[in-house]
Amino acid sequence: MRFLECERATLAKLLPDLDAALSETPLMELERPSSPGVRLFRDSGGPGLLVPQAHQGRGATALDALRVQRAIGSRSPSLAVGTTMHHFSMATLVGLGDLGGQPDGLEWMLIEGVASTNRIIASGFAEGRGGAGILQPSMTATLTEDGVRINGVKRPCSLARSMDVLTASVMVPREDGQGEELAVALVPAESEGLSVSGFWSSAFLAGAESEQVTLTDVLVPPELLLRTATPAGRGQGLDELQTAGLIWFQALMTGSYLGVASALVERVLLNDRIPEHERVRLFVETEAAMAAAEGIARRVDSGDLGESALAQALCVRYGVQDTLARIVPRAVELLGGLNFMTSDEVGHLAACANGLSLHPPSRSRMTEPIAGYLADRPLAIA
C-alpha cells in the first residue's frame, strides 16, 4: 500500500465522498473559522462513525477510526481535531450503553438518534483540568422537580458553533438517596441559558470551532440525564469508563496529528527532486509511528481497555510527539524556502502538527504518575 492509501481507503469505505470533498476544497478554506469541513463531515455520515451498525451507525472499529482520523488530518487539521472530540463523546456514550446492558435502553436510543440524524456532539467533559479525571465534573448541577439545572463554563469546546448537543458530566443525588453519583447530561444546543462566545483567537486549528460554551441555569430533563450508578472516583464500573475514554482520546488524537504531519511528508514524497534517502527516511519514521498507534487501536478492538492499555496509549502518544518533533521540521526544510514563502500551507501544517503536545494529560504532569506505575503502583492521571 502506498503512503496514506490504506487510511484513505478506510475513509472512503466508511464515509463515502468525504475525502474527495475535502481534497477538492483548499486547505486554508478548511482551516478558517467558518470552515465547511464540519458540514462535509456531517453530510457524509461522520457523526455515526463509532456507533454500531445495529444502531444505525457506521460500525467502525478503533483501528478503522484511527485510520479515518489520520486521513482527515492529512486534508484538514482542524476537522480532525474537532471531530476527535465528537468521537470521544460518542465512545463515552457507547461505553455507558454497554454498562447499562440493555440493547434497547435509554443510552442506546440516544446514541441511535445521534447516528440516524447526523447530530454533532461537543464535549463538555473536563479533560483539560489538571488533577481531575476525564469525566470529573467541571459544572455544577442542582436537582429540581423538572430535571437538573446546570451551571458552568467549558473552554475551549471544539465544534461549539456547529454542535447539536453538548455532553457534560455532573454530580447528582442518587435515586436511592445514598449519596451522589456521576451522570452525563445531554444538553441540546438550543437550550435556554446555553451560549457560545469567542475564545480561540489563534489562526491555527481555527476550523475546529474551539470556543467558550457557557451554561447558565440550563434545565436538562430526566430523559437526557444518563446516570452511571457509581460514585465519582470510586467503583470498578466508573474506573473502566474513565480508562476507556482516555485510551480512545489518546489513540484518536494521536492519529489526527499524525495525519497533519503526513500531509507534509506526502508533499516531500511526491517531490522527486528531493533525494531518495531523505524521502525514505521520513516515510519510515512516519509509518513506524502509525504502526505503534495501530497497536493501541488493536488492543481496544480486542476488548483490552485496562490500566496496562492506558499506560501503553500514553507512551505511544508521547513517543509520537517526539517523532513529529523530528519529521515536521525536516519535511519543512526539505520542501524548501520557496514553498514556505509562496504559500501559507506548509507553515500552517507545521504549526498545527505541534498541537499534540498541548492536549491533556501533558507529559510533564504525567512523569511522576508513570514513574509510580513502573514501580507497581496504580496509574494515576495528573
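Scoring rules and cut-offs
The residue count restarts for each chain, going from 1 along the sequence in the order it is written. Residue-level local features of this predicted model are given only where pLDDT is at least 70; pairs of side-chain atoms are given and counted only at 80 or more, and the full residue set underlies all totals for whole chains, interfaces and linings. Heavy atoms throughout the structure, all of them, feed into the side-chain values; hydrogens and water do not. A helix here means a DSSP run of H or I that spans at least four residues, while a strand means a run of E at least two residues long, and both kinds are numbered starting from the N terminus. The globule rule used for comparison is 2.2 Å times the number of residues to the exponent 0.38, while the radius of gyration itself is calculated over C-alpha atoms. For every residue, the accessible area obtained with a 1.4 Å probe (protein chains only) is divided by the maximum for its type, and the residue is called buried under 20%, exposed over 50%, and partly exposed between those limits. Note on contacts: a residue pair qualifies if any of its non-hydrogen atoms lie within 4.5 Å across the two residues. Computed with a 1.4 Å probe, the accessible areas rest on the Shrake-Rupley method; for each residue, only the protein chains presented here act as cover. In this analysis an axis means a line fitted to C-alpha atoms, helices contributing only their contacting stretch, and an angle means the value between N-to-C directions, from 0 to 180 degrees. Angles are sorted into four bins: roughly parallel if under 35 degrees, roughly antiparallel if over 145, roughly perpendicular if 65 to 115, and oblique for all others. Each residue is assigned to one class: nonpolar for Ala, Val, Leu, Ile, Met, Phe, Trp, Tyr, Cys and Pro, charged for Asp, Glu, Lys and Arg, and polar for all the others, Gly among them. The aromatic pairing rule takes the rings of Phe, Tyr and Trp, using the six-membered ring of Trp, and pairs them if the centres are within 6.5 Å, calling planes under 30 degrees apart stacked, those over 60 edge-to-face and the rest tilted. What makes two strands pair is DSSP finding at least two bridges between them. Put plainly, a pocket is an open set of points on a 1 Å grid over the protein atoms alone with protein on both sides within 12 Å along at least five of seven lines, a cavity is a set where a 1.4 Å probe fits but cannot get out, and a lining residue has an atom within 4 Å of a point. Grid points are joined across faces, edges and corners, and a volume is the space filled by probe spheres set on the points. How far a helix is expected to stretch is found by multiplying one less than its residue total by 1.5 Å. A pair of sulfur atoms, both from cysteines and within 2.5 Å, is called a disulfide here.

Novice: Got a minute to help me understand the overall build of the protein in this structure?
Specialist: The number of helices and strands found in the protein is 12 helices and eight strands. Taking 382 residues into account, the globule formula puts the C-alpha radius of gyration at 21 Å, and the protein, at 20 Å, falls close to it. Counting the 382 residues in the protein, one finds 55% classified as buried. Here the contacts in the protein between residues at least 6 apart in sequence split such that 75% fall between residues at least 24 apart. When the accessible area of the protein is evaluated, it comes to approximately 16100 Å², of which 51% is carbon and sulfur surface.

Novice: Even after reading the chapter, I still don't get the packing of helix α1 (residues 5-14) against helix α5 (residues 62-73), so can you show me in this structure?
Specialist: A pair of packed helices can be characterised by two numbers: the angle between their axes and the separation between those axes. Here α1 crosses α5 at 105°, and the two axes come no closer than 8 Å. By the angle between their directions, the pair α1 and α5 is classed as roughly perpendicular. Contacts from C6, E7, R8, T10, L11, K13 and L14 of α1 reach α5 at D64, R67, V68, R70, A71 and I72. A class-by-class count of the residues in the contact of α1 with α5 yields six nonpolar, one polar and six charged.

Novice: What is the right way to look at the packing of aromatic side chains in this model?
Specialist: Evaluated as defined, the whole model comprises two aromatic pairs. Judged by centre distance (5.8 Å) and plane angle (75°), the ring pair of F88 and F249 falls under edge-to-face. Taken together, the residues span a long stretch of sequence, with F88 in helix α6 (residues 77-100) and F249 in helix α8 (residues 236-269) at a distance of 161 residues. Across the pair, exposure class does not vary: F88 and F249 are buried alike.

Novice: What exactly am I supposed to notice about the sheet that holds strand β5 (residues 180-188) here?
Specialist: The strands making up a sheet are joined through hydrogen bonds of the backbone, oriented either antiparallel or parallel. The strand order β1-β4-β5-β8 describes an open sheet built from four strands, whose pairing is mixed. Of all strands in the sheet, those with a lone pairing partner are β1 (121-123) and β8 (225-227), marking the two edges. Averaged over neighbouring strand pairs, the angle between their axes works out to 35° when direction is ignored. The strands touched by helix α7 (residues 106-117) within the sheet are β1, β5 and β8, with β8 carrying the most contacts at an inclination of about 135°.

Novice: Please explain the layout of surface pockets as it appears in this structure.
Specialist: Gaps between atoms show up when a probe of the same size as a water molecule is rolled over them. Of the voids in this model, the second largest pocket is the one considered here, and its volume is about 510 Å³. Along the walls of the second largest pocket sit 24 residues, with V94, G95, D98, W248 and L305 positioned nearest its centre. Counted by class, the lining of the second largest pocket contains 14 nonpolar, seven polar and three charged residues.

Novice: Honestly, helix α9 (residues 276-301) in this entry has me stumped. Any pointers?
Specialist: In an α-helix, one turn spans 3.6 residues, which is why side chains three or four residues apart end up on the same side. An ideal rise of 1.5 Å per residue puts 38 Å on 26 residues; α9 measures up with 36 Å between its terminal C-alpha atoms. Positive phi appears at G303, one or two residues downstream of α9, with a value of about 90°.

Novice: Would you take a moment to explain the state of the cysteines for this structure?
Specialist: Put plainly, a disulfide is one covalent bond tying together the sulfur atoms of two cysteines. Here the structure, examined in full by the defined rule, presents zero disulfides. Between C157, a free cysteine, and C352, which holds the nearest cysteine sulfur, the sulfur-to-sulfur gap is 19 Å.

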